[in-house]
Amino acid sequence: MAGPRPDTAKVSVLGVRHHGPGSARAVRAALAELEPDIVLIEGPPEADAITSLVGGLQPPVALLVHLSDTPKAGTVRSREGWGFWPFASFSPEWAALVHAHGRGVPVRFCDLPAAHTLAERIARAEAAESAPEEEPEAVDQAPKETPRVRADPLGVLAEAAGYDDAERWWDDVVEQRGDGEPSPFPAIADAMAAVRADSGPEAGRDARREAYMRQTLRSVLKEGYQRVAVVCGAWHAPALRDLADYRIKDDTALLRGLPKVRTTATWVPWTHGRLAAASGYGAGVRAPGWYHHLFTAPDLPVHRWLTEAARILRQEGQPVSSSHVIEGVRLAESLAVLRGRPLAGIDEVSEAVTAVLCEGEQTRAALVHGRMAVGERLGSVPPDTPMVPLQRDLVAAQRRLRLKPEAFERDLDLDLRKDGQRERSVLLHRLRLLGVEWGVPRASGGVARGTFRESWRLCWDPDMDVALIEAAPWGTTVASAATARAVESAADAELPALTALTEQCLFAELGEALPEVLARLTDRAATDSDITHLMSALPPLARAARYGDVRGTDGARLRTVARRLLARVCVGLAPAVRGLDDDAAAVFTRAIDSTHHAAGLLGEGTQDWTEALEALARRENVPGRIAGRANRILADAGRTGPEELRARLGLAMSPGTEPTRAAVWLEGFLQGSGLVLVHDERLLELVDTWLLGLSEDRFTAVLPLLRRTFGAFGGPERQEIGEAVARADGGAAAPPRTRRPIDTGRAAPAVAAVTALLERSGG
Amino acid sequence: MTTSAAAPNGDLRSGSALRPHAEQTYAAELEALAKADDRQRPPGWHLSPWAVTRYLLGATLDDGTEITPKYIGSRRVVEIAVATLATDRALLLLGVPGTAKTWLSEHLAAAVSGDSTLLVQGTAGTSEEAVRYGWNYARLLAEGPSEAALVPSPVMTAMARGSIGRIEELTRMPSDVQDGLITVLSEKALPVAELGIEVQARRGFNIIATANDRDRGVNDLSSALRRRFNTVVLPVPDSAEDEVRIVTQRVEQLGRSLDLPEVPTSLTEIQRVVTVFRELRSGVTEDSTTRVKSPSGTLSTAEAISVITNGIALAAHFGDGRLRPADVAAGIQGAVVQDRVSDGVVWREYLETVAREREGWGDFYRACREVGA
């Protein structure tokens, strides 16, 4: 390609650090002064078509570029076929976008198209996948953006300036500058050129990216634009500034024959929290809240920051005076001097918050600092933003499963044994995990595991589209997004929430999220000292482990976790029941019942559990209700022989025991069913003797308790007990209990049917 | 060195000190630093803040002088402490026992004002005279109130000289005595009403106080006093290596000063005690695979030291002269289980889930079980 050399005299290259507030200020000032005809920004050119939406966006937002077709869930393409380019209000790229939008100046993105980037990434991931068993987890957790492999250019400069931390050097030199200082960009480009001269020419992906940026610049110049402003990473600045040093032929050669996929771009809302994690443009931002503050505060950033911290502390009820703030500012500034920094940075202010404002209270300081450093805020996008892949995936699923989104309520009953219906249930559960409450389980139906029926009430609300867009950063398909969401919400959930989440993961068939959630669950179980939490966490797990195979989930790992939980419950059981009042004991008794049931479902580790119960049954200072219950469970399980049981009941019902304690003991013992008294007349006799031995006022005191105990039984049961008492009263004269002889012939079909049922249930 | 007006008896001062002060031990280092230090010094300071941090954290000077590190741990802590003193705010060092609070305060005072001896030890019996001034009663009766009859406290002396005054265990002092410091810290002046004069602090004066934040039965600082301090919380040692080193050093020193019979120090046992303490303190095993509960006690390095010393005494007098797991088992359980019920559960869980399966810990596990978990 021959032609006149383009005129680069009016091209300004603004080398920035992505998400640097000082860079953003400088870009804003430089653009206002340059008044360019066109602005080029480092970013995927797929987004050129949607820059018109900038006016309606509220940062932080992110550009999402994804494959145009919807890849099948679980494949490499669904995992790797997308990328984010986040922008915060303090990103220089955003400053450039806003400037261009405000002045009606055209904007183009000039980085290598995501079509190539994604194609490369997919190819690489597929190669890794087909390679023989190469730590599949590492592939899963590979960063969404290709890491930049390169000698850290800032590190070289920072070292030359005597800094050990490149970020801090850049912060001091560029980011913490105020308005009105001279443009730093020529100096930055010169510095980078010096470093690049040492490190040699770029190779691989970066060489291709720079070639593409130059090609874009050339074509823009060719179109007749003259005053061109390019906003790109500082590292690339020399490569664009010295456009004439690069030959068109070389650049075209570099870009020839790149793999390509079809892509689409859209905007999604982003958060400061996600900005803080590494994603998008290279490294994450350590303290987006601080940067946002640096960008928005007109002056005195340290003073304003500490005043804000004091305000937050006061809201939390801490007395923090203005003199605290004054001393905090002084400490931050003298620390900066001691460390040889021009201005106090995030480290200095956080130390001032700890040492002065919080008077050394580190947990409080961490709270304030964490909140302010991230400065959580959620961006928003206008409704006419193109659909995100998650929405498209849902639409496809709705079509496949023949579930129409309708704005009125509709009930849906599902039979989970049928594949199609089970898939519907899975979809609804996944959406719930994403915060899209399209279907709500109907209470009457119940969602108990182990049953195969589910009842839902469906109603689609337009807000749910917004929720889907907000959920877009989690993933491109409902399955992958729900997995990511579950994993993340597991990170800071409490124990009961975690078990619920485990169950949700099972319902939603999120096998990939399960190991992570279970790992968190084990951690929490180890540190949670409230044993009732552990006990309430156990039954869902045990159910899942026992009936897991109904939905085809792997029960072994669940079983291990459940067994460990049970072991911890066993160790902590005895100390936990000390000093409970009767209401608390009643709650605890129910927890013991459900744990016992769960232990039975697990089938293993029950030995320890019954031993723990045994210890409880014998101890003196255990609340009566719990002791009674423990004895009953052991008796039902055949662990306590009739003789022993009589001895214990006798002890509990003896005159030395406080009658109210005896009554609640009895209530715990008889909870559920009183037939044990009918079958063992000696027990009944013991209770009878105890009752008769009570003085009148004592009797009146315990009467309501006894009424409550026996009132809970069914009519026939009460009648049987009554008859047994009457028999006992009649003494030896009462006719021995006669049973009608059983007609084995007539009973045979019933016995056969029951046997068949038992065999079928595997019992 | 003290400024007590009672003429010190020569006999009391003769002989070599058992433990020389920091500024005596490290006189050579301080001198070399002062010579090399070309940065600006705050008024009344012997060194610049930058040189003080170098003195504490260790460095090699241009002339080849090796400055030994005095504080092994976070650079941040030292920097905040020095910056605080440079802004003439009082410094409060807070931490569990055995986190080198006193050590740091002594060296800070030595480096900043070349004198670490202006010290008030806070106890329940510390009286107001100890932080303000007292009287030489013989003189007072004979001559009436006069400056000659005044006995200045270390704090008053520090004010007059413009150097650092140190207060140990501030929270152990009665509250009214603590509050006597408020005027000193806010007005930087100490009036002597009886004489109608006041002592104004010269530039360079400051207070370093230490306090223990885990002790029971201490007098909490009033918020008026509290807000005149910048508070630095000293952390427990960062790495296991550091902690083992600190424990080994201290155990040796203690063993010598207590004249315990020689027992070969068993590094394995020290490492084990440090590991148990660290794991229980942080709530996660050193390999970060298993979480454990943390007990209510502090489990400081100082307690680890006492467990080992105790174990050595047991081994020497009743054992076979070697430090065995059984010698430390009882001590360690005593340190961990402060509350019989809740800590008992913690300790048993730790033994069953962590100690039991760890390789080479069989003896230790059995010994602990024997002690009666």
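- An unreviewed UniProt entry annotates chain B as MoxR-like ATPase originating from Nocardiopsis terrae.

### Side note on the overall build of chain B
Line of reasoning, step 1. Each helix and strand in chain B was counted, giving 17 helices and eleven strands.
Line of reasoning, step 2. At a minimum sequence separation of 6, the contacts of chain B that also span at least 24 residues come to 70%.

### Observations concerning the overall build of chain A
Line of reasoning, step 1. Looking only at helices and strands, chain A features 35 helices and ten strands.
Line of reasoning, step 2. When burial is assessed residue by residue, chain A has 44% of its 763 residues classed as buried.
Line of reasoning, step 3. For chain A, restricting intrachain contacts to residue pairs at least 6 apart in sequence, the fraction spanning at least 24 positions comes to 77%.

### A short note on the interface of chain A and chain B
The figure often quoted for interface size is the accessible area lost as the parts come together.
Line of reasoning, step 1. Across the boundary between the two partners, chain A contributes 24 residues, which contact 29 residues of chain B.
Line of reasoning, step 2. Mapped onto the side of chain A that touches chain B, the elements with two or more residues apiece are helix 15 (322–338), helix 16 (346–357), helix 23 (514–527) and helix 25 (555–576) of chain A.
Line of reasoning, step 3. At eight residues, helix 15 of chain A tops the list of elements feeding residues into the side of chain A that touches chain B.
Line of reasoning, step 4. A class-by-class count of the residues in the side of chain A that touches chain B yields nine nonpolar, nine polar and six charged.

### Digging into the environment of Trp85(A)
Line of reasoning, step 1. On the secondary structure map, Trp85(A) appears in strand 4 (residues 82–87).
Line of reasoning, step 2. In this structure the C-alpha to C-alpha distance between Trp85(A) and Val65(A), which are 20 residues apart in sequence, comes to 8.4 Å.

### Quick word on the sheet that holds strand 3 (residues 61–67) of chain A
Residues and elements named next belong to chain A.
Line of reasoning, step 1. The strand order across the open sheet formed by three strands is 4-3-7, and the pairing between neighbours is antiparallel. For this open sheet the edge positions go to strand 4 and strand 7 (263–269), each flanked by a neighbour on one side alone. Looking at each pair of strands side by side, their axes are set apart by 20 degrees on average, direction ignored.
Line of reasoning, step 2. Pairing between strand 3 and strand 4: six bridges, direction antiparallel. By the bridge assignment, Val61 is partnered in strand 4 with Phe87.

### So, the nonpolar core
Line of reasoning, step 1. Membership of the largest hydrophobic core comes to 274 residues, with the highest contact counts inside it found for Val230(A), Leu306(A), Val517(A) and Leu538(A).
Line of reasoning, step 2. Ignoring anything within four residues of it in the chain, the contact list for Val230(A) reads Val11(A), Val13(A), Leu14(A), Leu40(A), Cys110(A), Leu217(A) and Leu240(A).
Line of reasoning, step 3. Counting residues in each nonpolar core, the second largest holds 33 residues, with Val274(B), Phe277(B), Trp347(B) and Cys368(B) among its members.

### Brief notes about the packing of helix 13 (residues 267–282) of chain B against helix 14 (residues 301–317) of chain B
Residue and element names in this part refer to chain B.
Line of reasoning, step 1. In the contact formed by helix 13 and helix 14, the axes pass within 10 Å of each other and the chain directions differ by 145 degrees. Where helix 13 crosses over helix 14, the handedness of that crossing is right-handed. Residues Ile270, Val273, Val274 and Phe277 of helix 13 lie in contact with helix 14, whose contacting residues are Ala304, Val307 and Ile308.

### So, the environment of Val174(A)
Residues and elements named next belong to chain A.
Line of reasoning, step 1. Structurally, Val174 is set in helix 7 (residues 166–175).
Line of reasoning, step 2. By C-beta crowding, Val174 is classed as buried, having 23 other C-beta atoms within 10 Å.
Line of reasoning, step 3. Val174 sits 153 residues away from Pro21 along the chain, and the two C-alpha atoms are 8.8 Å apart.
Line of reasoning, step 4. For Val174, the residues in contact, after removing those within four places along its chain, are Arg17, Gly20, Gly22, Ser23 and Pro184.

### Side note on the pairing of strand 3 (residues 90–95) of chain B
Line of reasoning, step 1. The buried fraction of strand 3 of chain B amounts to six of the six residues, a majority that puts the element mostly inside the structure.
Line of reasoning, step 2. Every second residue of strand 3 of chain B is oriented toward a common face, with Ala90(B), Leu92(B) and Leu94(B) on one face and Leu91(B), Leu93(B) and Gly95(B) on the other, all of them buried.

### What to know about the packing of helix 26 (residues 582–602) of chain A against helix 28 (residues 624–636) of chain A
Residue and element names in this part refer to chain A.
Line of reasoning, step 1. The contact between helix 26 and helix 28 brings their axes to 9 Å, and the two run at 20 degrees. With respect to helix 28, the element helix 26 is oriented roughly parallel. For the pair helix 26 and helix 28, the sense of crossing is right-handed. Judged by residue contacts, Asp582, Ala585, Ala586, Phe588, Thr589, Ile592 and His596 of helix 26 engage Arg625, Ile626, Arg629 and Ile633 from helix 28.

### Re helix 29 (residues 642–652) of chain A
Residue and element names in this part refer to chain A.
Line of reasoning, step 1. Within helix 29, the full set of buried residues consists of Leu645, Arg648, Leu649 and Ala652. Buried residues of helix 29 fall within an arc of 100 degrees about the axis and therefore sit on the same side.
Line of reasoning, step 2. Check the buried side of helix 29 and you find it contacts helix 27 (606–618), helix 28, helix 30 (659–670) and helix 32 (681–693).

### Notes on unusual backbone geometry
Line of reasoning, step 1. Of note, the bond from Pro59(A) into Pro60(A) is cis; its omega dihedral lies within 30 degrees of zero at 0 degrees.
Line of reasoning, step 2. For Pro60(A), the location among the structural elements is in the loop between strand 2 (38–41) and strand 3.

### A few points about the sheet that holds strand 11 (residues 229–233) of chain B
Residue and element names in this part refer to chain B.
Line of reasoning, step 1. As summarised here, the arrangement of the five strands in space is 4-7-10-3-11, forming an open sheet in which the pairing is parallel. Two strands lie at the open edges of the sheet, namely strand 4 (119–121) and strand 11, each paired on one side alone. Adjacent strand axes in the sheet meet at a mean angle of 20 degrees when their direction is disregarded.
Line of reasoning, step 2. Alignment of strand 7 (residues 164–168) against strand 10 (residues 206–212), held across four bridges, turns out to be parallel. Among the inter-strand pairings, Arg166 is bridged to a residue of strand 10, identified as Ile208.
Line of reasoning, step 3. Sitting on the sheet, helix 5 (residues 75–86) is in contact with strand 3, strand 10 and strand 11, with an inclination near 170 degrees to strand 11.

### Observations concerning helix 16 of chain A
Line of reasoning, step 1. Burial of helix 16 of chain A is extensive: eleven of the twelve residues sit out of reach of the surface.
Line of reasoning, step 2. Along helix 16 of chain A, the residues that are buried comprise Ile346(A), Glu348(A), Val349(A), Ser350(A), Glu351(A), Ala352(A), Val353(A), Thr354(A), Ala355(A), Val356(A) and Leu357(A).
Line of reasoning, step 3. Residues of helix 16 of chain A that are buried sit in contact with helix 13 (288–296), helix 14 (301–315), helix 15 and helix 17 (362–374) of chain A together with helix 5 and strand 11 of chain B.
Line of reasoning, step 4. Residue Glu359(A) follows helix 16 of chain A closely and has a positive phi angle near 50 degrees.

### Some details on the confidence of the model for chain B
All names here are of chain B.
Line of reasoning, step 1. When the pLDDT values of chain B are averaged, the result is 83; 90% of them are 70 or greater.
Line of reasoning, step 2. Looking at the elements of chain B, mean pLDDT is at its lowest for helix 1 (residues 10–13), recorded as 56, and at its highest for strand 7, recorded as 94.
Line of reasoning, step 3. Throughout residues 1–10 the model reports pLDDT below 50, and contacts reaching past four residues in sequence, or to other chains, amount to seven contacts.

### Observations regarding the confidence of the model for chain A
All names here are of chain A.
Line of reasoning, step 1. Residues of chain A with pLDDT of at least 70 account for 87%, and the chain-wide mean is 79.
Line of reasoning, step 2. Ranking the elements of chain A by mean pLDDT puts helix 5 (residues 136–140) last, at 40, and strand 2 first, at 92.
Line of reasoning, step 3. In the predicted structure, residues 133–151 sits below a pLDDT of 50 and forms 17 contacts with residues beyond four places in sequence or in another chain.
Line of reasoning, step 4. Scored below 50 in pLDDT, residues 278–282 makes 18 contacts in the model with residues more than four places away or belonging to other chains.

### Details of the environment of Ser342(B)
Line of reasoning, step 1. For Ser342(B), the location among the structural elements is in helix 16 (residues 340–355).
Line of reasoning, step 2. By the C-beta count within 10 Å, which is 16 here, Ser342(B) ends up partly exposed.

### Section: the pairing of strand 2 of chain A
All names here are of chain A.
Line of reasoning, step 1. Looking at chain direction, strand 2 and strand 6 (residues 228–233) are connected through four bridges and run parallel. Across the sheet, the residue bridging to Val39 is Ala229, located in strand 6.
Line of reasoning, step 2. Sheet topology note: the strand 2/strand 5 (residues 107–109) ladder contains three bridges and is parallel. Looking across to strand 5, one finds that Leu40 is bridged to Arg108.

Cut-offs used in this document
Sequence order as written defines residue numbering, which begins from 1 separately in each chain. Naming scheme: in the order in which they are written, chains are lettered from A and ligands are numbered from 1. In keeping with the model being predicted, local features are shown solely for residues with a pLDDT of at least 70 and side-chain atom pairs are shown and tallied solely at 80 or more, while totals for entire chains, interfaces and linings include all residues. Numbering of helices and strands runs from the N terminus, with a helix taken as a DSSP run of H or I at least four residues long and a strand as a DSSP run of E at least two residues long. It is the C-beta atoms, placed from the backbone, that decide contacts: two residues are in contact if theirs lie within 7 Å. Counting other C-beta atoms within 10 Å of a residue's own tells you its class, since 20 or more makes it buried, 12 or fewer makes it exposed, and anything in between is partly exposed; those C-beta atoms are placed from the backbone. Amino acids are sorted into nonpolar (Ala, Val, Leu, Ile, Met, Phe, Trp, Tyr, Cys and Pro), charged (Asp, Glu, Lys and Arg) and polar (every other residue, Gly among them). Pairing between strands is defined by DSSP: at least two bridges between the two strands are required. Working convention: axes come from line fits to C-alpha atoms, limited for helices to the stretch in contact. Angles between N-to-C directions cover 0 to 180 degrees. A set of buried Ala, Val, Leu, Ile, Met, Phe, Trp, Tyr and Cys residues, joined to one another through C-beta atoms within 7 Å, is what we call a nonpolar core. Helix crossings get a hand from a simple test, with the near helix turned counterclockwise from the far one by less than a right angle marking a left-handed crossing and a clockwise turn marking a right-handed one. Here is the rule for angles: anything less than 35 degrees is roughly parallel, anything more than 145 is roughly antiparallel, 65 through 115 is roughly perpendicular, and the remaining ranges are oblique. Read the arc as the range of directions from the helix axis to the C-beta atoms. Per-residue confidence from the predictor is given as pLDDT, running between 0 and 100.

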